[in-house]
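Structure assessment
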Amino acid sequence: MDLVSVVIPVYDEEEAIAGDLELIERTMDASGLAYELIVVNDGSTDRTVEIVSRFPRVRLLHHERNRGNGAARTTGLKAARGDVVIMTDGDGTYPNQDMPKLLQFLEEKDANGDQRYAMVIGARIKEKGTIRWLRTPAKWFIRKLASYLTETEITDLNSGLRAFRKDLAMRYLNILPNTHSWVSTITIAFLSDGFGVKFVPIDYYTRKGHSKFHPLRDTYNYLTLVVRAVTYFNPIKVFLPLSLGLFGVGLVKALYDIVAYRFHFAPSTLLLLLTALQIGAVGLLADLVARRARQ
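Reading the values: the criteria
Residues numbered from 1 in each chain as written. Predicted model: local features only at pLDDT ≥ 70, side-chain atom pairs only at ≥ 80, totals over all residues. Heavy atoms only, no water. Phe/Tyr/Trp six-rings, centres within 6.5 Å; stacked < 30°, edge-to-face > 60°. Helix = DSSP H or I, 4+ residues; strand = E, 2+ residues; numbered from the N terminus. Buried < 20%, exposed > 50% of the residue type's maximum accessible area, 1.4 Å probe, protein only. Lys NZ or Arg CZ within 6 Å of the ring centre and 35° of its normal. Core = buried A, V, L, I, M, F, W, Y, C linked by side-chain atoms within 4.5 Å. Contact = heavy atoms within 4.5 Å. Pairing = 2+ DSSP bridges. Axes fitted to C-alpha atoms, helices over the stretch in contact; angles between N-to-C directions. Parallel < 35°, antiparallel > 145°, perpendicular 65-115°, else oblique. Nonpolar A, V, L, I, M, F, W, Y, C, P; charged D, E, K, R; others polar. Salt bridge = Lys/Arg side-chain N within 4 Å of Asp/Glu carboxyl O.

Enumeration according to the criterion identifies four aromatic pairs in this entry. Summarising the aromatic geometry, the rings of Tyr 172 and Phe 190 are spaced 5.8 Å apart at their centres and angled 50° between planes, so their arrangement reads as tilted. Remark: Phe 190 occurs in helix α7 (residues 182–192) and Tyr 172 occurs in the loop between α6 (166–169) and α7; sequence separation between them is 18 residues. The burial state of Tyr 172 is the same as that of Phe 190; both residues are buried. Ring geometry for Phe 190 and Phe 195: centres 5.7 Å apart, planes at 55°, overall tilted. The buried category is assigned to Phe 190, whose relative accessible area is 0%. Feature note: the residues Tyr 172, Phe 190 and Phe 195 constitute an aromatic cluster, connected by ring pairs. The ring centre of Tyr 204 lies 4.9 Å from the NZ or CZ of Arg 124, which sits over that ring.

This part covers unusual backbone geometry. The backbone of Asp 12 sits at a positive phi, close to 55°, despite the residue not being glycine. Mapping Asp 12 onto the fold places it in the loop between β1 (4–10) and α1 (17–31). With phi around 60°, Glu 151 is a residue other than glycine that occupies positive phi space. Mapped onto the secondary structure, Glu 151 falls in the loop between α5 (132–150) and β6 (162–165). Residue classification places Glu 151 among the exposed residues on the basis of a relative accessible area of 62%.

The subject of this paragraph is the nonpolar core. Residues Phe 164, Tyr 172, Trp 182 and Phe 190 are the most contacted members of the largest nonpolar core, which totals 38 residues. Per-element tally for this core: the top contributor is α7, with seven residues. Beyond its immediate sequence surroundings of up to four residues, Tyr 172 is in contact with Ala 189, Phe 190, Asp 193, Phe 195 and Phe 233. Counting 29 residues, the second largest nonpolar core, distinct from the first, contains Val 4, Val 39, Leu 106 and Tyr 204.

This brings us to the sheet that holds strand β3 (residues 58–63). The strand order across the open sheet built from seven strands is β3-β2-β1-β4-β6-β5-β7, with neighbouring strands paired in mixed fashion. Each of the sheet's edge strands pairs with one partner strand only, and the pair in question is β3 and β7 (197–202). For this sheet the average axis-to-axis angle between neighbouring strands, irrespective of direction, equals 25°. Contacts from helix α3 (residues 69–79) reach β1, β2 (35–42), β3, β4 (84–87) and β6 within the one sheet, and its direction differs from that of β2 by about 145°. Lying on the sheet, α7 is in contact with β4, β5 (119–124), β6 and β7; it crosses β6 at an angle near 45°.

Glancing now at the packing of α1 against helix α4 (residues 99–106). Running from amino to carboxyl end, α1 crosses α4 at an angle of 45°, the nearest separation of the two axes being 9 Å. Here α4 runs oblique to α1, going by the angle between their axes. Counting all contacts with α1, which are made through Ile 24, Thr 27, Met 28 and Ser 31, the residues of α4 involved are Met 99, Pro 100 and Leu 103. Partitioning the contact of α1 with α4 into residue classes produces five nonpolar, two polar and no charged.

On inspection of all chains with the given rule, the structure shows 15 salt bridges. When the shortest N-O distance is used, the salt bridge between Lys 253 and Asp 257 registers 3.2 Å. With a gap of four residues between them, Lys 253 and Asp 257 both fall in helix α9 (residues 236–261), about one helical turn apart. We classify Lys 253 as partly exposed; its relative accessible area is 25%. By relative accessible area, Asp 257 is classed as buried at 0%. Counted as one network, the salt bridges with shared partners bring together Glu 13, Asp 91 and Arg 207.

So yeah, pure geometry; function would need other evidence.
If you want it as structure tokens, here you go:
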């Protein structure tokens, strides 16, 4: 890789950002890799900008108002000059000393000499966020849903520490949201299009400062964006199970009507069967459109 772009979105991270930047600079200097360091200030109102300005090697970009963690990541991605981008958070939670390890996996090649992985994700081994009793089961369910829909075992769907090829990520700018769901969406996008994704176990620390994650709102956003992203890439995985499920219920109801009402079918039975057929037809049409759009 010719140049690595390290991108850090920040919003009111005065307590942690200095330590993260110092660690990243030491780590990347020791690695011998050519790199640039980009911090995207997402409308901070504390001393974050003042602290980041003390690091002369940092390219500091600004959003005049808080637009969301995903919007800051997109801004950093667009501004990156490197062919490889590695992202992390500026809240002290990620082991940024592991960046070279992730980048090393990104360089692996298969038997044909092609690059094995297009994205390497630091998979956190434990949950350290606030309201863990709610976040842990919600994240488990969303991760399992995404694993089913992408036909891949996903160990961490929304880790903020990841390295990936910039040219591939740029393909998905039109579907990447402005919220925390940015990382989940790009993970699903890479997996759905068949790009190699490697999950590397990493530590995860207690954040410094206050979390900007809203448990109910952001969990809802994660769930809807998982379904929306997979519907965009592989709609048959969403529509076909729903169609078959409704058809199965309608078939059982039809058999009951035959026995109980001597072949007089209730309107609800016909409605179930027709709805199942319609959803199946919509799924097939959506799948055709999605495949044609990606060609």
